[in-house]
Amino acid sequence: MSFEMWAEKYRPKTLDDMVNQKEIVERLKSFVKSRNVPHCIFAGPPGTGKTTAALCLARDLYGEAYREHIMELNASDERGIDVVRETVKTFARVRSIGEVPFKIMILDEADNMTADAQQALRRTMERYTETCRFILCANYSGKIIEPIQSRCAPFRFTHLPREEHDKYLQYIAQKEGLKLLDDGVNAIYEVCSGDLRRAINTLQAAASLGKPIDAKTVYSIAGKANPADVQKMIETAMKGNFLEARKQLRDMIQKYGVAGSDIIRQIHTEIFRTEVPEPWKIKLADIVGEIDYRLVEGADEEVQLSALLARLVEAAHEMKDAKKV
Amino acid sequence: MYFPWTEKYKPKTLKEVVGNPDAIQKFVEWVKSWDKGVPKKRAAFIYGPPGTGKTVTVEALANDLKMELVEKNASDYRTEEAVKRFAGLASQYGSLFGTKRIILFDELDGLTGTADKGGVKAITDIIKTAQCPIVLVANNAYDPRFINIRNNCLLIEFKKPSPTEVLKHLKGICQKEGIAAEENALKFIAQRSEGDIRSAVNDLQALAQGKKRLTYDDVSWLGYRDRQETIFTVMRMILYGKTCEGAKRAVDMADVDVDMLFEWIYENAPAHLTDPHDLARAMDALSMADVYRGRIRNTQDWSLMRYVVDFMTAGVAMARVNTKTSGWTPFHFPERIQALSRTREERAMQLEIGRKLKRRCHISAKRASKEVLPYLRIIFKNNAEMAAGLSKWLDLNMEMIEYLAGSKEKTEAISRLLG
């Protein structure tokens, strides 16, 4: 077993290594061949290879010393307009020395940039096109302002096909000398829903226990790593215990830093799985949808989500009343 | 029903009175001396800071000696005429039925110049001819208005009881209420009261009633503010308000800002609006208040603040349709704010580790701290060898290793491997 993060160790180094996103890879290869890269948007769910593709492209383009020609910025750490005005501009305007006349700026999690910063970025992209090309990675391209979108070549990343996912995990298991059982792989796919980074992290954490990796191990790892037990919280609320449900919510947000948008997405999924009369499910979805909307507008995620919990308490109460009649 | 503990645990006999043993002794001796005939001083003037047990002492003594207590306080009229009507009572020691009588003029500071015109003079006159013990009670005996009265009275000073004495009283109450209270918590309340027993007992009730345990954390927030009395009143106005206007007015009374008041309401509304429909309405109102806060943040248009106030006060007050206003439910300091300060250090540490991950893993520090760190924690708890390797690879310091490992032994095992 090796002692680094496997998600890094097994990250493809070149475009040829990338088994996934075949069409995208082909187009990127043609950029390398022609020694020209347009501004790009890589959009898609987490763990589908956006950052990897950008890094592979850079390595193929510049060779092993690619780090001298690129800059990686994470918009969720540095999302303000000042970063664009200073860091980005300083990097973008200085010409690169070498065979390829431009540098590459990788803006990760670009959908977390403020609207102001995006406006400033649009100018920079235009002005320094000759010396710098931008690759914006984002979960939702919709959160990138129109003018930037229209200046970029769009690439849509999708989840790995199930087969590729399984093959990749088994490959890592073999290299690391692990015993990864079939039901273990299934379980990883289920809990990580195709997010490859999370899948590999889960595999590594499971491997640290030093025993064959089966479904049970995977579920226990996932439970420990992702304490957002939304199902339990909903149950608590439906039993009428609002204060306890709110406490569980508070722990998720404060202690484990789970994002409100993640929680409400899970609540939405969970609503259709809970045991309530069918017509109620759509009523509950309506409640969830309303709070989802307010979550965007509101200032405080816990306040919004606990209003949702109170509505669940109320709904469960009404269901009970309806049964009596 | 709400019944103040200051009443419930008011001393019934002198033995239960907290503090001031010498002053009480002096007072008792003077009252008893009446049995041997009218003493030189026909009135006693008890003075001292609020909440030190002056009135209580007089009441307890009357009870102990089975005397009839005739009481006048600031709420009664004390004009010359009103007091003179009293004179008849003071003219004999024994009442009609043979019980001895004691007359108390309480809250003498409350005598106002115009409304109680001539009251001071009338009291002085009564004292001169009194046939039974007259007791005057005030905070300040040296008010110039009392100069004539003072000369005719036995002066008895009540001092603030020590925190230890107050503490003892609080402990007794907790015992009777079946509350397991941390010594520290009670000490804190006692010290904060600065010898005002009444306010100490009020604090205790507000914080502890209905609870099984009282911890230091429950009370320490009292230190943040001086006048917690106000916030409780404000909370009652909102959570039990009958009209929109009344609930809205509470905001002006609160001596905390709107955001803090919001936290108080958000914390306490559920326990006071237990009916599911009321609860849903109240939380919905708070949700709408929060939406307006978001709109203010996005537009910087602070005039929208009035809608925040509408929803969080009137909106919550109008949520009450089914929940009865019975029973006493205490108000709590917003738990969320305490929790936030408790987890602040932890979150800082998570972000530090996130930064280390960012350097190696092409992921933002924020996301790393949420998405990768939980797996590291599992690895560090289970596999010292892998943990040591990762520590080196990520360049973690001992503090980070200890945080991830979660225990001393595991940390040591990892650091041994690191050499």
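Residues numbered from 1 in each chain as written. Chains lettered and ligands numbered in written order. Predicted model: local features only at pLDDT ≥ 70, side-chain atom pairs only at ≥ 80, totals over all residues. Heavy atoms only, no water.

Draft legend 1. Looking closely at the overall build of chain A. Counting its regular elements, chain A contains 15 helices and five strands. With 325 residues in all, chain A has 54% of them scored as buried. The contacts of chain A with a sequence gap of at least 6 include a subset with a gap of at least 24, amounting to 74%. Carbon together with sulfur atoms contributes 50% to the accessible area of chain A, which is approximately 15300 Å² in total. (Helix = DSSP H or I, 4+ residues; strand = E, 2+ residues; numbered from the N terminus. Buried < 20%, exposed > 50% of the residue type's maximum accessible area, 1.4 Å probe, protein only. Contact = heavy atoms within 4.5 Å. Areas by Shrake-Rupley, 256 points an atom, 1.4 Å probe, with all protein chains shown as cover.)

Draft legend 2. How the structure looks around the nonpolar core. Ile-263 and Ile-267 of chain A together with Leu-261 and Val-316 of chain B are the most contacted members of the largest nonpolar core, which has 67 residues in total. If one sorts the elements of this core by residue count, helix 15 (residues 301–324) of chain A sits on top with ten residues. With residues near it in sequence (within four places) discarded, Leu-261 of chain B still touches Ile-231, Val-234, Ile-238, Val-251, Ala-254, Val-256 and Met-312 of chain B. Grouped together as the second largest cluster of nonpolar side chains are 53 residues, Ala-7, Ile-172 and Val-218 of chain A together with Tyr-403 of chain B included. (Core = buried A, V, L, I, M, F, W, Y, C linked by side-chain atoms within 4.5 Å.)

Draft legend 3. View of the interface of chain A and chain B. Listed by partner, the interface residues are 54 residues for chain A and 52 residues for chain B. For the pair chain A and chain B, the summed buried surface comes to about 4900 Å²; carbon and sulfur atoms form 56% of the total. It is Phe-3, Met-5 and Gln-254 of chain A that lose the most area in chain A upon contact with chain B, and together they represent 14% of the buried surface on that side. Taken together, the connections running from chain A to chain B amount to six salt bridges. For Arg-336 of chain B, the salt bridge identified is with Asp-300 of chain A, shortest N-O distance 2.9 Å. Connecting chain A to chain B are 20 residue pairs in polar contact (both at pLDDT 80 or more). (Buried area = accessible area lost by both parts, 1.4 Å probe. Salt bridge = Lys/Arg side-chain N within 4 Å of Asp/Glu carboxyl O. Polar contact = N/O pair within 3.5 Å; in protein donor to acceptor, adjacent residues only side chain to side chain.)

Draft legend 4. A look at the layout of surface pockets. All names here are of chain B. In this model, the second largest pocket occupies a volume close to 600 Å³. Gly-51, Gly-53, Thr-55, Val-56 and Arg-198 are the residues nearest the centre of the second largest pocket, which is lined by 29 residues in total. If you list the elements that add at least two residues to the lining of the second largest pocket, you get helix 1 (5–8), helix 3 (54–64), strand 4 (134–138) and helix 9 (197–208). The element best represented in the lining of the second largest pocket is helix 3, accounting for four residues. Residues from two domains meet in the lining of the second largest pocket; each of domain 1 (20–157) and domain 2 (163–224) gives at least three. (1 Å grid on protein atoms, 1.4 Å probe; cavity = no way out; pocket = protein on both sides within 12 Å on 5 of 7 lines; lining within 4 Å. Points joined across faces, edges and corners; volume = space filled by probe spheres on them. Domains from an automatic or database assignment.)

Draft legend 5. Layout of the pairing of strand 4 (residues 132–138) of chain A. Residue and element names in this part refer to chain A. Extensive coverage of strand 4 is indicated by the burial of seven of its seven residues. Burial along strand 4 is two-sided: the residues Cys-132, Phe-134, Leu-136 and Ala-138 and Arg-133, Ile-135 and Cys-137 are all buried. Taken together, the four bridges between strand 1 (residues 40–43) and strand 4 define a ladder with parallel strand orientation. Bridge assignment links Cys-40 to a residue of strand 4, and that residue is Ile-135. Relative to strand 4, strand 3 (residues 103–108) is paired through five bridges, and the arrangement is parallel. Across the sheet, residue Lys-103 finds its bridge partner in strand 4, namely Cys-132. Viewed along the sheet, the connection from strand 3 through helix 5 (residues 115–127) into strand 4 turns out right-handed. (Pairing = 2+ DSSP bridges. Right-handed = clockwise from strand over helix to strand, strands pointing away.)

Draft legend 6. Highlighting the packing of helix 12 (residues 242–255) of chain A against helix 15 of chain A. Residues and elements named next belong to chain A. Helix 15 packs onto helix 12 with a crossing angle of 150° between their chain directions and a minimal axis gap of 10 Å. Taken together, the axes of helix 12 and helix 15 lie roughly antiparallel to each other. The two elements helix 12 and helix 15 cross, and the hand of that crossing is right-handed. Every residue of helix 15 that contacts helix 12 at Phe-242, Ala-245, Arg-246, Leu-249, Arg-250 and Ile-253 is listed here: Glu-301, Glu-302, Leu-305, Ser-306, Leu-309, Ala-310 and Val-313. Tallied by class, residues from the contact of helix 12 with helix 15 come to eight nonpolar, one polar and four charged. (Axes fitted to C-alpha atoms, helices over the stretch in contact; angles between N-to-C directions. Parallel < 35°, antiparallel > 145°, perpendicular 65-115°, else oblique. Left-handed = near helix turned anticlockwise from the far one by under 90°. Nonpolar A, V, L, I, M, F, W, Y, C, P; charged D, E, K, R; others polar.)

Draft legend 7. Summary view of the sheet that holds strand 4 of chain A. Residues and elements named next belong to chain A. If you walk across this open sheet you meet the five strands as 2-3-4-1-5, and the pairing is parallel. The open sheet has two free edges, formed respectively by strand 2 (70–74) and strand 5 (153–156), since each of these has just one partner strand. Put simply, the sheet's adjacent strands are angled 15° from each other on average, direction ignored. Against the sheet, helix 2 (residues 22–34) contacts strand 1 and strand 5, and its axis sits at roughly 145° relative to strand 5.

Draft legend 8. Region of interest: the confidence of the model for chain B. All names here are of chain B. Here chain B averages 85 in pLDDT, and 90% of its residues register 70 or above. When the elements of chain B are averaged for pLDDT, helix 4 (residues 80–90) gives the smallest value, 69, and helix 15 (residues 305–317) the largest, 95. On the interface metric, ipTM, the complex scores 0.78, and its pTM is 0.57. (pLDDT = per-residue confidence, 0-100.)

Draft legend 9. Structural detail: empty space enclosed by the protein. Summed over all chains, the structure comprises three cavities of 30 Å³ or more. Taken together, Met-5, Ala-7, Glu-8, Arg-197 and Asn-201 of chain A together with Cys-361, Ile-363 and Val-372 of chain B make up the full set of residues lining the largest cavity. At the level of secondary structure, the elements contributing two or more residues to the lining of the largest cavity comprise helix 1 (6–9) and helix 9 (196–207) of chain A. Classifying every residue of the lining of the largest cavity by side-chain character gives five nonpolar, one polar and two charged.

Draft legend 10. Looking closely at the side chain of Glu-314 of chain A. Along the chain, Glu-314 of chain A falls in helix 15. Given the relative accessible area of 15%, Glu-314 of chain A is considered buried. Residues within four places of Glu-314 of chain A in sequence aside, it is in contact with Pro-276, His-277 and Ala-280 of chain B.

Draft legend 11. Representation of helix 3 (residues 50–62) of chain A within the structure. Residues and elements named next belong to chain A. Helix length check: helix 3 (13 residues) gives 19 Å between terminal C-alpha atoms against 18 Å at 1.5 Å per residue, within 8%. Burial runs high along helix 3: twelve of the 13 residues are buried. The complete set of buried residues in helix 3 reads Lys-50, Thr-51, Thr-52, Ala-53, Ala-54, Leu-55, Cys-56, Leu-57, Ala-58, Arg-59, Leu-61 and Tyr-62. Against the buried residues of helix 3 lie helix 2, strand 1, strand 2, strand 3 and strand 4. Where helix 3 ends, the next residue or the one after it, Gly-63, has phi of about 85°, a positive value. (Expected span 1.5 Å × (residues − 1).)

Draft legend 12. Representation of the sheet that holds strand 1 (residues 43–47) of chain B in the model. Residues and elements named next belong to chain B. The strand order 2-3-4-1-5 describes an open sheet built from five strands, whose pairing is parallel. Each edge of the open sheet is held by one strand with a lone partner, namely strand 2 (68–72) and strand 5 (153–157). Across the sheet, the mean angle from the axis of one strand to that of its neighbour is 20°, orientation sign disregarded. Pairing of strand 1 with strand 5 involves five bridges; the strand directions are parallel. By the bridge assignment, Ile-46 is partnered in strand 5 with Ile-156. The strands that helix 2 (residues 21–33) touches are strand 1, strand 3 (101–105), strand 4 and strand 5; relative to strand 5, the one it contacts most, it runs at about 155°.

Draft legend 13. Examining the packing of helix 8 (residues 182–192) of chain A against helix 9 of chain A more closely. All names here are of chain A. Taken N-terminus to C-terminus, the directions of helix 8 and helix 9 make an angle of 130°; their axes are 9 Å apart at the nearest point. One finds that helix 8 runs oblique with respect to helix 9. The crossing of helix 8 and helix 9 is right-handed. Contacts from Ile-188, Val-191 and Cys-192 in helix 8 reach Arg-198, Ala-199, Thr-202 and Leu-203 in helix 9. Among the residues making up the contact of helix 8 with helix 9, the classes are represented as five nonpolar, one polar and one charged.

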